[in-house]
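Next come the chains, spelled out residue by residue.
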Amino acid sequence: MGARRELRLGDRDFLPEELSALVLSALKRDAESLLGEPVGEAVITVPAYFNDKQRKATRRAGELAGLKVERLLNEPTAAALAHGLHNLADETRFLVFDLGGGTFDVSILEIFEGIIEVRATTGDNRLGGEDFNAVIVDMARRRFATDWGDQARDGGPLHARLSVAAEMTRRALTTQPEGAAFSVVWRDQLFEMLIGSHAFEAEAADLIARLKEPVLRALRDGRMIVEALKEVVLVGGATRMPLVRKAVTRMFGRFPAAGTNPDEAVVIGAAIQAGLKARDAALKEVVLTDVCPYSLGVDVGARLGGGAVRGGLFAPIIERNTVVPASRVSTFATLTDLQAKVIFNIYQGEARLVADNIHLGSVEVPVPRAPAGEITVDCRFSYDINGLLEVDVYVPETGERGELVIVNDDDLSTAELAERRAALAALKYHPRDADANRAALARAARCFENSLGERREYVANLATRFEAALERQEPREIDEQRESLSHALDDLEGELWL
């Protein structure tokens with residue numbers, strides 16, 4: 001999805017979203033046949049690690065199928081809805097381990113007081129059950145290399161049959177721990193071999209090793225330790241493989257939860273989200289927060305020794321796993337003398353060099369000519385849950401502004417776009433300007449003035465820690481630090497503070 005590569009079927013070529021539209025059209029017809037009424041709207045799930053182009057292609061596939069795509073929902077988030085809706089009264093943290101046919105996603109979620117909050121999501125969109133099928137195909141190729149030759153190469157005339165046979169063998173290994181038969185008929189001859197579980201596990205060791213890094217990254221991003229997780233939930237048909245379940249058990253030191261059907265969890269979650277969207281009375285009200293799966297930022301330059309400038313560096317403004325909707329601002333300065341304008345190129349990704357990330361657009365703003373570093377420019381990113389990104393550039397020296405709007409949904413009406421932008425506008429302030437935060441800093445300043453010696457130094461450290469949290473612009477951290485500051489000042493001032 002999101003690529004321009006075409007695949008020929010019959011006498012014409014298809015883009016990936018066109019093939020996806022054929023599947024969605026068939027599902028739409030099935031639903032209409034069952035319900036006896038037209039179906040015009042849909043919630044479509046996507047791998048959490050899908051980038052902007054892949055999400056746009058998915059939305060376009062729905063539109064080609066005659067559907068208005070109400071929401072693109074991350075698959076692990078959908079699985080959380082399916083798994084956790086029944087016990088929302090208890091505070092619960094769990095990790096969703098989603099290994100499907102072609103992608104691998106890991107999400108850490110927290111459920112409390114009717115809110116499902118995604119703390120972190122990451123993954124590998126080039127790892128899935130098909131890669132394990134390829135391991136079995138390679139085992140067969142080596143066994144029958146003399147008989148098959150180049151016919152078994154990727155894209156060769158035999159490759160499609162080998163892939164189907166490998167899928168059947170992998171599924172059989174799920175219930176046959178001693179081994180399963182791999183068989184394929186080619187040119188009227190039966191080729192058959194036994195794939196042992198231990199041999200398959202050894203051959204797939206590199207794939208199993210690749211499952212670990214996304215898990216570690218999700219735990220780091222979510223600032224979570226394994227012991228804090230109540231459950232590990234398996235989602236996706238590929239998690240039925242015993243070698244995957246063993247790997248997960250070793251990874252977390254516990255058996256994963258088996259309460260949900262891994263094949264159905266995502267689609268049940270999508271149905272629940274659709275019901276919530278329609279305000280179905282049978283469903284308990286739930287607030288669902290999601291995160292930005294990729295960092296969003298701009299290209300910047302850095303001055304090297306000797307006066308040279310290194311350009312093409314990535315400066316994140318909204319970092320991955322920021323709870324959305326979100327608005328963040330960063331300040332940059334001119335890099336060369338007498339610079340007449342600043343151009344911000346917008347990128348999505350995690351690489352240090354912007355050339356390795358995905359370019360989304362650019363915005364330009366004029367600046368007064370002055371020595372390097374004297375003119376500053378504020379760049380604010382505002383991002384909503386459906387992928388609308390607003391970029392606001394402001395030059396304090398002149399009041400000059402620049403703006404760019406990047407929308408996932410090209411068919412969004414003017415009214416709908418205005419509504420979504422109005423919702424983001426409420427977020428466009430720096431946390432230091434919020435009344436509660438200003439009051440906390442003012443109280444700390446008065447306490448500093450009324451203190452001496454070590455007590456004064458202690459108050460200064462408290463205020464500095466809170467100011468550092470404000471600069472990071474993370475609402476959850478700010479709330480925690482403000483509460484901590486308030487309690488500390490209560491202990492210092494006692495009943496003097498009214």
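Shown above is the structure to which this text applies.
A word on the overall build of the protein
A tally of helices and strands in the protein yields 15 helices and 20 strands. Each principal axis of the C-alpha atoms in the protein carries an extent, and together these give about 90 × 60 × 55 Å. Put simply, the protein has 498 residues, and 46% of those count as buried. At a minimum sequence separation of 6, the contacts of the protein that also span at least 24 residues come to 64%. If you average the places of the 60 positive and of the 78 negative side-chain charges in the protein, the two averages end up 3 Å apart.

Considerations on the packing of aromatic side chains
Enumeration according to the criterion identifies five aromatic pairs in this entry. Taking 5.3 Å as the distance between ring centres and 70° as the angle between the ring planes, the aromatic pair formed by Phe 144 and Phe 191 counts as edge-to-face. Of this pair, Phe 144 sits in the loop between α4 (129–143) and α5 (145–148) while Phe 191 sits in strand β9 (residues 189–195), and the two are 47 residues apart along the sequence. For Phe 144, a relative accessible area of 8% translates into the label buried.

Comments concerning helix α6 (residues 159–175)
Think of an α-helix as 3.6 residues a turn; residues three or four steps apart then line up on the same face. Here α6 contains 17 residues, and its C-alpha end-to-end distance of 25 Å stays within 8% of the 24 Å for a straight helix at 1.5 Å per residue. At its buried positions, α6 is contacted by α4, α5, β8 (180–186), β9, α7 (197–203) and α10 (242–252).

Topic: unusual backbone geometry
Following Val 324, the chain continues into Pro 325 via a peptide bond in cis, with omega recorded as 5°. Inspection of the secondary structure assignment puts Pro 325 in the loop between β14 (323–324) and β15 (326–333). One non-glycine residue, Arg 187, lies in positive phi territory at about 55°. By the element assignment, Arg 187 lies in the loop between β8 and β9. For Arg 187, a relative accessible area of 61% puts it in the exposed group. One non-glycine residue with positive phi stands out, namely Gln 473, at about 60°. On the secondary structure map, Gln 473 appears in the loop between α14 (453–472) and α15 (475–493).

Observations regarding the nonpolar core
In terms of nonpolar packing, the biggest core is built from 47 residues, with Phe 97, Phe 132, Trp 148 and Phe 182 touching the most fellow members. When residues in this core are grouped by element, the largest group, six residues, is from α4. In terms of nonpolar packing, the next biggest core, distinct from the first, is built from 28 residues, Leu 360, Val 367, Val 391 and Leu 404 among them.

A closer look at the side chain of Arg 328
Locating Arg 328 in the fold gives a position in strand β15. Judged by relative accessible area, Arg 328 falls into the buried class, the value being 7%. At 2.8 Å, the side chain of Arg 328 forms a polar contact with the backbone oxygen of Gln 473. Discounting residues that sit within four places of it in the chain, Arg 328 has contacts with Ile 317, Ile 318, Thr 322, Cys 379, Arg 380, Phe 381, Arg 472, Gln 473, Glu 474 and Pro 475.

Brief notes about the pattern of salt bridges
Per the stated rule, a full pass over the model turns up 25 salt bridges. A salt bridge links Arg 12 to Glu 18; the shortest N-O distance between them is 3.6 Å. The partly exposed category is assigned to Glu 18, whose relative accessible area is 21%. The shortest N-O distance in the salt bridge between Arg 119 and Glu 110 comes to 2.8 Å. For the pair shown, Arg 119 and Glu 110 are each scored as buried. Here the salt bridges share partners, and the residues they tie into one network are Arg 4, Glu 17 and Arg 60.

Quick notes on the sheet that holds strand β17 (residues 358–366)
On the basis of which strands lie adjacent, the open sheet formed by four strands has the order β13-β12-β16-β17 and antiparallel pairing. The strands lining the two open edges of the sheet, one partner per strand, are β13 (309–318) and β17. In this sheet, neighbouring strand axes are inclined to one another by 35° on average, regardless of whether the strands run parallel or antiparallel. In this structure, strand β12 (residues 296–303) lies alongside β13, joined through seven bridges in antiparallel fashion. When the bridges of β13 are listed, Val 298 appears paired with Ala 315.

Some points on the side chain of Ser 327
With respect to the helices and strands, the residue Ser 327 is situated in strand β15. Reaching out from Ser 327, the side chain makes a polar contact with the side chain of Arg 380 at a distance of 2.7 Å. Of note is the side chain of Ser 327, whose polar atom sits 2.9 Å from the side chain of Ser 382.

Side note on the environment of Ala 202
Here Ala 202 is to be found in helix α7. Take Ala 202: its relative accessible area is 56%, and that puts it in the exposed class. When the C-alpha atoms of Ala 202 and Leu 243 are compared, they prove to be 9.8 Å apart, with 41 residues separating the residues in sequence.

Section: the pairing of strand β6 (residues 104–112)
Burial analysis of β6 places nine of its nine residues in the buried class, the great majority of the element. Burial along β6 is two-sided: the face carrying Phe 104, Val 106, Ile 108, Glu 110 and Phe 112 and the face carrying Asp 105, Ser 107, Leu 109 and Ile 111 are both buried. Turn length for the strand β5 (residues 92–99)-β6 hairpin, with the two strands adjacent in sequence and antiparallel, is four residues. Two elements, β6 and strand β7 (residues 115–124), share nine bridges in a ladder whose sense is antiparallel. Considered in β7, the bridge of Ser 107 is made with Thr 121.

Basis of the calculations
- Residue indices begin from 1 for each chain and proceed along its sequence in written order.
- Reporting in this predicted model follows two pLDDT cut-offs: at least 70 for local features of residues, and 80 or more for side-chain atom pairs to be given and counted; totals over whole chains, interfaces and linings ignore these cut-offs and use all residues.
- Hydrogen atoms and water are omitted, and side-chain values are computed over all heavy atoms in the structure.
- Think of it this way: any DSSP run of H or I at least four residues long counts as a helix, any run of E at least two long counts as a strand, and we number them from the N terminus.
- For every residue, the accessible area obtained with a 1.4 Å probe (protein chains only) is divided by the maximum for its type, and the residue is called buried under 20%, exposed over 50%, and partly exposed between those limits.
- Throughout, a residue-residue contact means that at least one pair of heavy atoms, one from each residue, lies within 4.5 Å.
- Neither His nor the chain ends contribute to the count of charged residues, in which Lys and Arg are positive and Asp and Glu negative.
- In this description, the location of a charge corresponds to atom NZ of lysine, CZ of arginine, CG of aspartate or CD of glutamate.
- Pairing of aromatic side chains here covers Phe, Tyr and the six-membered ring of Trp, requires ring centres within 6.5 Å, and sorts the geometry by plane angle: under 30 degrees stacked, over 60 edge-to-face, intermediate tilted.
- Helix span, as expected, comes to 1.5 Å for every residue beyond the first.
- The definition of a nonpolar core used throughout is a set of buried Ala, Val, Leu, Ile, Met, Phe, Trp, Tyr and Cys residues joined through side-chain atoms within 4.5 Å.
- Here a polar contact is taken to be a pair of N or O atoms separated by no more than 3.5 Å, where protein atoms must pair a possible hydrogen donor with a possible acceptor and residues adjacent in sequence count only if both atoms sit in side chains.
- Here a salt bridge means any side-chain nitrogen of Lys or Arg lying within 4 Å of a carboxyl oxygen belonging to Asp or Glu.
- Whether two strands pair comes down to DSSP finding at least two bridges between them.
- In this analysis an axis means a line fitted to C-alpha atoms, helices contributing only their contacting stretch, and an angle means the value between N-to-C directions, from 0 to 180 degrees.

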